[in-house]
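Structure assessment
As a plain string of letters, each chain reads:
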Amino acid sequence: MEWRHRGLISLEGWTREELTFFLEQTDYMDELIDRPIKKAPALRGKVVLNCFFENSTRTRSSFELAGKILSADVINWSASGSSASKGETLRDTVWTLEAMGADGIVIRHGSVGVPEYLEKKLKRASIFNAGDGAHGHPTQALLDLHSARKKLGNLEGAKMAIVGDVLHSRVARSDIQAFSKMGARVVLSGPSTLMPEDTEALGAEYIPDPCEAVRGAQILYFLRIQQERMDDGLIPSVDEYHRRWGASEKLIALAEKGAVVMHPGPINRGVEIASSVADGPGSLILGQVRSGVAVRMALLYLCLGGARQ
Ligand code: CP
């Protein structure tokens, strides 16, 4: 397949064939990560810039590692300590960084639409969305797909229950797109105060009772309670939330035997997930983190021309 995407703003325009092809490329990257010497020259001479206006552990580190394994030069930039604190605008900041020769710019920002805006403004660099407000986190969805597919195989007809704070979740939006395209049925559960009004428009059914949502599912996806994006009063209390919607052994026992438990991280233990579940036999959480490196390697490789060299 000839790869037609220069970067990644959203998975909206990706076809199922492209997702499948992408996941096959990610399998190769997994093999590369397993080698004693994790290094390939595919992106030698390319410059990748990690540009984070919000905090991150997993996404930033795995983009950095992905670029370095493929021999790109990777520069990390964060808003704190930069000239953004002197009033430099987002556009001027990114133009400046592009002028230094960046081929790819990985951007995380608290405002919806920033990656798309930059893609229109920049002349040559590819843009990779590492999370924009509550809108999208497409590389998280790709790594979630890769992790689930490795464990469960074909996802056609699988039931995926996403439980928690869907309202503030960019991960949920991107996951609904990605898993639906691969043939999974996605249901949502959580307090009605943490559900967007347009769950059907998102492509998912809202089932208020978490037991019903989880029953018979093969994929259980628990979302972080995003207290930093929340006004007061959206959940009764953290304890009450955990009792009703948190991932407990009792709740996950309702899922199909062999179901996987996923979470994008960082996890709030004892809030949206009990430690016994997060660290339990069905947990894919650390597998997701590992998939993050392989997925971002495949993305940089395909979009920055590694495949053509
Ligand atoms: N899942 C995720 O985006 O984690 P970070 O915020 O640590 O990057």
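Keep in mind that this is a model prediction, so the values were computed, not measured. In every chain, residue numbers begin from 1 and rise along the written sequence. It should be noted that, the model being predicted, local features are given only for residues of pLDDT at least 70 and side-chain atom pairs only at 80 or more, the latter also being counted only at that level, while totals for whole chains, interfaces and linings use all residues. As a rule here, side-chain values cover all heavy atoms of the structure and leave hydrogens and water aside.

Numbering of helices and strands starts at the N terminus; helices are DSSP runs of H or I of at least 4 residues and strands are runs of E of at least 2. What a helix is expected to span follows from its residue count: subtract one and scale by 1.5 Å. Taking 1.5 Å per residue as the helical rise, helix 5 (residues 138-152) with its 15 residues ought to reach 21 Å, and the 21 Å between its terminal C-alpha atoms agrees with that figure. Throughout, exposure labels follow a simple rule: accessible area from a 1.4 Å probe, protein chains only, divided by the maximum for the residue type, with under 20% read as buried, over 50% as exposed, and the rest as partly exposed. Burial in helix 5 covers these residues: Pro138, Thr139, Gln140, Ala141, Leu142, Leu143, Asp144, Leu145, His146, Ser147 and Ala148. The first or second residue beyond helix 5 is Gly153, which carries a positive phi of 80 degrees.

It is the rolling of a water-molecule-sized probe over the atoms that shows where space remains empty. In this analysis a 1.4 Å probe is tested at points of a 1 Å grid over the protein atoms alone, and where it fits but cannot get out there is a cavity; an open set with protein on both sides within 12 Å along at least five of seven lines is a pocket; lining residues have an atom within 4 Å of a point. Grid points are joined across faces, edges and corners, and a volume is the space filled by probe spheres set on the points. Under the criterion given, the structure shown has one cavity of 30 Å³ or more. Of all the secondary-structure elements, those providing two or more residues to the lining of the largest cavity are helix 2 (58-69), helix 5 and helix 12 (285-303). For the lining of the largest cavity, the element with the highest residue contribution is helix 12, accounting for four residues. Three classes are used, and their members are as follows: Ala, Val, Leu, Ile, Met, Phe, Trp, Tyr, Cys and Pro are nonpolar, Asp, Glu, Lys and Arg are charged, and the others, Gly among them, are polar. Residue composition of the lining of the largest cavity, grouped by class: four nonpolar, five polar and two charged. For each domain, the first and last residues come from an automatic or database assignment. Domain assignment of the residues forming the lining of the largest cavity places at least three in each of domain 1 (16-137 + 289-303) and domain 2 (138-284).

What follows deals with the packing of aromatic side chains. Here a pair means two rings of Phe, Tyr or Trp (six-membered ring of Trp) with centres within 6.5 Å. Their orientation is stacked below 30 degrees between planes, edge-to-face above 60, and tilted elsewhere. As enumerated under the stated definition, the model contains seven aromatic pairs in all. Ring centres of Phe63 and Phe128 lie 6.4 Å apart, and the angle between their planes is 40 degrees; on these two criteria the pair is classed as tilted. Linking Phe63 in helix 2 with Phe128 in strand 4 (residues 126-132), this pair joins segments that are 65 residues apart in sequence. Across the pair, Phe128 and Phe63 agree in class, each one buried. Over the ring of Phe52 we find Arg60, and its NZ or CZ is 5.4 Å from the ring centre. Sitting over a ring, as applied to charges here, requires NZ of Lys or CZ of Arg to be within 6 Å of the ring centre and within 35 degrees of the ring normal. The lysine or arginine in question, Lys123, covers the ring of Trp95, its NZ or CZ lying 5.4 Å from the ring centre.

All right, on to the site of the ligand then. Taken together, Ser56, Thr57, Arg58, Thr59, Arg108, His137, Gln140, Pro264 and Gly265 make up the full set of residues adjacent to the ligand. The side chain of Thr59 places a nitrogen or oxygen atom 2.6 Å from an oxygen atom of the ligand. Here a nitrogen atom of the ligand and a backbone polar atom of Pro264 are 2.9 Å apart. In short, Shrake-Rupley with a 1.4 Å probe defines the accessible areas, and a residue's cover is counted only from the protein chains shown. For the ligand, whose accessible area on its own is 260 Å², the fraction buried by protein is 91%. Residues are counted as near a molecule or strand when any one of their heavy atoms sits within 4 Å of it. For the purposes of these results, a polar contact is taken to be a pair of N or O atoms within 3.5 Å, where, inside protein, one atom must be able to donate a hydrogen and its partner to accept one; residues adjacent in sequence count only when each atom of the pair is a side-chain atom.

On to the domain arrangement of the chain, then. We note that the domain assignment places domain 1 (16-137 + 289-303) and domain 2 (138-284) within the chain. Each of domain 1 and domain 2 was reduced to a C-alpha centroid, and the two centroids are 26 Å apart. Taken together, the contact between domain 1 and domain 2 spans 27 residues of the former and 27 residues of the latter. Buried area counts how much accessible surface, traced with a 1.4 Å probe, disappears from two parts once they are put together, with both parts' losses summed. Note on domain 1 versus domain 2: buried area summed over both sides is about 2200 Å², and carbon and sulfur give 56% of it. The three residues of domain 1 that bury the most area against domain 2 are Arg16, Leu23 and His137, which together make up 30% of that side's buried surface. The rule for a salt bridge is simple: a side-chain nitrogen of Lys or Arg has to be within 4 Å of a carboxyl oxygen of Asp or Glu. The tally of links from domain 1 across to domain 2 stands at four salt bridges. Note that Asp30 is salt-bridged to Lys150, the shortest N-O span being 3.1 Å. We call two residues in contact whenever any of their non-hydrogen atoms come within 4.5 Å of each other.

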